[in-house]
Amino acid sequence: MTGSATQGIKTVLHPVSDLATAKEVYTALLGVPPQFDESYYVGFEVAGQHIGLVPGGGPQGMTTPVAYWHVPDIEAKLAEVTAAGATLKEPAHDVGGGRLVATVTDRDGNVLGLLQDP
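Residues numbered from 1 in each chain as written. Predicted model: local features only at pLDDT ≥ 70, side-chain atom pairs only at ≥ 80, totals over all residues. Heavy atoms only, no water.

- Looking at an unreviewed UniProt entry, one finds the protein chain named Glyoxalase, with Streptomyces caniferus as its source organism.

If you want it as structure tokens, here you go:
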């Protein structure tokens, strides 16, 4: 396997039905206020991780939390995991500031996120 190593799971996004209530629950859980607080996304930075709340599952239609593995080269990692049997769900795309995200599903239907920072 030639692969590029991941940098670990550093981002987890949670779909929520009530953003205001979820924000209160996660603020209490994490012990810090959100660092990003908009009507379409609330994000927390804690212990080297980013926890995001996505109202209604966002445009990607999330129905369960998605863990994002940080990678140095998202296209290379997409090629590796799809060659190994994963199915592309959402191709790599910029979500702002040069940050690229993509998702694949494994053979059991689990959604795996990939994230490349600029």
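After that view of the structure, there is still more to cover.
## Describing the overall build of the protein chain
Argument step 1. Of regular secondary structure, the protein chain possesses two helices and eight strands.
Argument step 2. For the protein chain, the C-alpha radius of gyration of 15 Å lies close to 13 Å, the compact-globule estimate for 118 residues.
Argument step 3. By its C-alpha atoms, the protein chain is 45 × 25 × 25 Å across when sized along the principal axes.
Argument step 4. The buried share among the 118 residues of the protein chain stands at 33%.
Argument step 5. In the protein chain, of all internal contacts separated by at least 6 residues, the share reaching a separation of at least 24 is 50%.
Argument step 6. Only carbon and sulfur atoms are counted for the fraction: they give 57% of the accessible area of the protein chain, which is about 6600 Å².
Argument step 7. Positive and negative charge centroids in the protein chain, built from 6 and 13 side chains respectively, lie 5 Å apart. (Helix = DSSP H or I, 4+ residues; strand = E, 2+ residues; numbered from the N terminus. Rg over C-alpha atoms; globule rule 2.2 N^0.38 Å. Buried < 20%, exposed > 50% of the residue type's maximum accessible area, 1.4 Å probe, protein only. Contact = heavy atoms within 4.5 Å. Areas by Shrake-Rupley, 256 points an atom, 1.4 Å probe, with all protein chains shown as cover. Lys, Arg positive; Asp, Glu negative; His and termini not counted. Charge placed at Lys NZ, Arg CZ, Asp CG, Glu CD.)

## Looking at the domain arrangement of the protein chain
Argument step 1. According to the domain assignment, the protein chain consists of domain 1 (9-59) and domain 2 (71-117).
Argument step 2. Relative to domain 2, the C-alpha centre of domain 1 lies at a distance of 21 Å. (Domains from an automatic or database assignment.)

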